[in-house]
Amino acid sequence: MLNYLLTETLPNGVLRIQLHRPEALNALNTALLGELADTLDAAATDDAVRAVVISGDSRAFAAGADIREMADLDMVGVMSDPRPQRWSRIAAFPKPIVAAVNGFALGGGCELVMHADIVIAGRDARFGQPEIKLGIIPGAGGTQRLIRAVGKSLATQMVLTGEPISAERACDAGLVSELTEPELTLERALQVADQIAKQAPLAVQQAKDVLLRSQETHLAAGLSYERKAFTMLAATEDRNEGIRAFIEKRRPEYKGR
Ligand code: DAK
C-alpha cells in the first residue's frame, strides 16, 4: 500500500506518480523515498509502462529531505541510512522520467528533479539547494548533477548561498527544458511523456542510457558506447518496423522487441 504517492498507469503507457505529502510540502521522508524506489523498480519490468511523469502539487514539487527525520541522525545513523540505496534505485530506473514541477523544488526535491530526464516547470517553480543553511551539503547528487546541469558558477552560487533560482533562470541555465503556466505544467509533461511512450521502447531506453553516459565519460568513449547501442538496436524488430512504416507511409506499431 502506498501512503505518500498517488499512482496511475494510463492506457498510453505513461505511469503518473504524484508525490503526496502535502502537510510537509512533499518532503521526502524515508518511507516516501522507499515507495518511489519500489514503484519505479516495478515499472522497470512492466511492459505496460513506457514513460513516467513525476509531479508534486501546486505549492511544492518537494521541499527536500524530511528535516525532522534528519534531526535524529548522528554519524553512525547517517552511515547506515537506507536512503542512499533508495536514491541509487531511482537513478538506475531505465525508462524516461519527465518531472512536472510547480512551486518549491528544494534540496532533495531539486535532486529528484535532476534524476528526471526531462523537466517541465511552471513559471512559479523555485529550484534550490538550501542544505548549506542547515549546516550540511547536498547528499543525493546535488553537487555533481547541478554543476552538470547549470554550469560551475551558478551551481556553486546555489550550493554555497542556499538561495533558490526562478523557473525562468533554471530554464535559461538548462535545468529545465520548458516553461509553462503553472496550471498547465502537468498537462504538458503528460503530453511529452505520451510522445515518448509512442516510440520504440528499446530505442528509448538505449537513448536514455547513452545520453546519461555522456555525463560520466569522455567523448571518444561516449561515441563508442553510442555506436554499440546503435548497432545493437539494428537487431530489433521495432527498428525494422519503424523504417518499414516510414517507407509504407503508415504509423509504426512498436512491440518492444
Ligand atoms: N522537511 C520537513 N518538513 C518540512 C520541510 C522539510 N524539508 N519543508 C517544509 N516542511 C513543513 C513545515 O515544517 C511546515 O510544517 P508545519 O509547521 O505546518 O507542521 C509545512 O511543511 C509547511 O511549510 P512552511 O510553513 O515552512 O511553508 P512556507 O511557505 O512558510 O515556507 C519553504 C516554504 C519551502 C520556504 C520552507 O518550508 C522551507 O524552507 N522548507 C525547508 C526547505 C529545505 O531546507 N530543504 C532542504 C532540506 S535538506 C541524503 C540525500 C538527500 C538529502 C539528505 C541526505 N542522503 C542520501 C543521505 C537532502 C537534504 C535536504 O533536502
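The structure displayed is predicted, hence computed values, not measured ones.

**A look at the overall build of the chain**
Stage number 1. Each helix and strand counted, the chain has twelve helices and ten strands in total.
Stage number 2. Its C-alpha atoms give the chain a radius of gyration of 19 Å, within 12% of the compact-globule value 18 Å for 257 residues.
Stage number 3. Each principal axis of the C-alpha atoms in the chain carries an extent, and together these give about 60 × 40 × 40 Å.
Stage number 4. Counting across all 257 residues of the chain, residues that qualify as buried make up 41%.
Stage number 5. Taking the contacts inside the chain whose residues are at least 6 apart along the sequence as the reference set, 67% of them involve residues at least 24 apart.
Stage number 6. Accessible surface, the chain as shown: approximately 13700 Å² in total, 55% of it carbon and sulfur.

**Overview of the sheet that holds strand 9 (residues 165-166)**
Stage number 1. Read from one edge to the other, the open sheet built from four strands follows the order 4-6-8-9, with strand pairing classed as mixed. Each edge of the open sheet is held by one strand with a lone partner, namely strand 4 (60-62) and strand 9.
Stage number 2. Pairing between strand 4 and strand 6 (residues 104-106): two bridges, direction parallel. Paired with A62 across the bridge in strand 6 is A105.
Stage number 3. Taken strand by strand, helix 5 (residues 108-115) contacts strand 4, strand 6 and strand 8 (126-128), and its axis lies near 90° from that of strand 6.

**Some thoughts on the sheet that holds strand 1 (residues 5-9)**
Stage number 1. Across the sheet, which stays open at both edges, the six strands sit in the order 1-2-3-5-7-10 with mixed pairing between neighbours. If you trace the sheet from one side to the other, it starts and ends with strand 1 and strand 10 (178-180), each paired once. For this sheet, the mean inter-axis angle between neighbouring strands, taken without regard to orientation, is 20°.
Stage number 2. As paired elements, strand 2 (residues 14-19) and strand 3 (residues 51-55) share five bridges and run parallel to each other. Note on strand 3: the bridge partner recorded for Q18 is S55.

**Re the site of the ligand**
Stage number 1. Not every one of the 25 residues close to the ligand is listed here, only the nearest: R59, A63, A65, I67 and G108.
Stage number 2. I67 places a polar main-chain atom, nitrogen or oxygen, 2.9 Å from a nitrogen atom of the ligand.
Stage number 3. Within the complex, the protein chains bury 67% of what would otherwise be the 1100 Å² of accessible surface of the ligand.
Stage number 4. Here the shell around the ligand gets three residues from one element, more than from any other, and that element is helix 4 (residues 83-91).
Stage number 5. Residues of the shell around the ligand, tallied by class, amount to 13 nonpolar, four polar and eight charged.

Rules and cut-offs
- Residues numbered from 1 in each chain as written.
- Predicted model: local features only at pLDDT ≥ 70, side-chain atom pairs only at ≥ 80, totals over all residues.
- Heavy atoms only, no water.
- Helix = DSSP H or I, 4+ residues; strand = E, 2+ residues; numbered from the N terminus.
- Rg over C-alpha atoms; globule rule 2.2 N^0.38 Å.
- Buried < 20%, exposed > 50% of the residue type's maximum accessible area, 1.4 Å probe, protein only.
- Contact = heavy atoms within 4.5 Å.
- Areas by Shrake-Rupley, 256 points an atom, 1.4 Å probe, with all protein chains shown as cover.
- Pairing = 2+ DSSP bridges.
- Axes fitted to C-alpha atoms, helices over the stretch in contact; angles between N-to-C directions.
- Near = heavy atom within 4 Å.
- Polar contact = N/O pair within 3.5 Å; in protein donor to acceptor, adjacent residues only side chain to side chain.
- Nonpolar A, V, L, I, M, F, W, Y, C, P; charged D, E, K, R; others polar.

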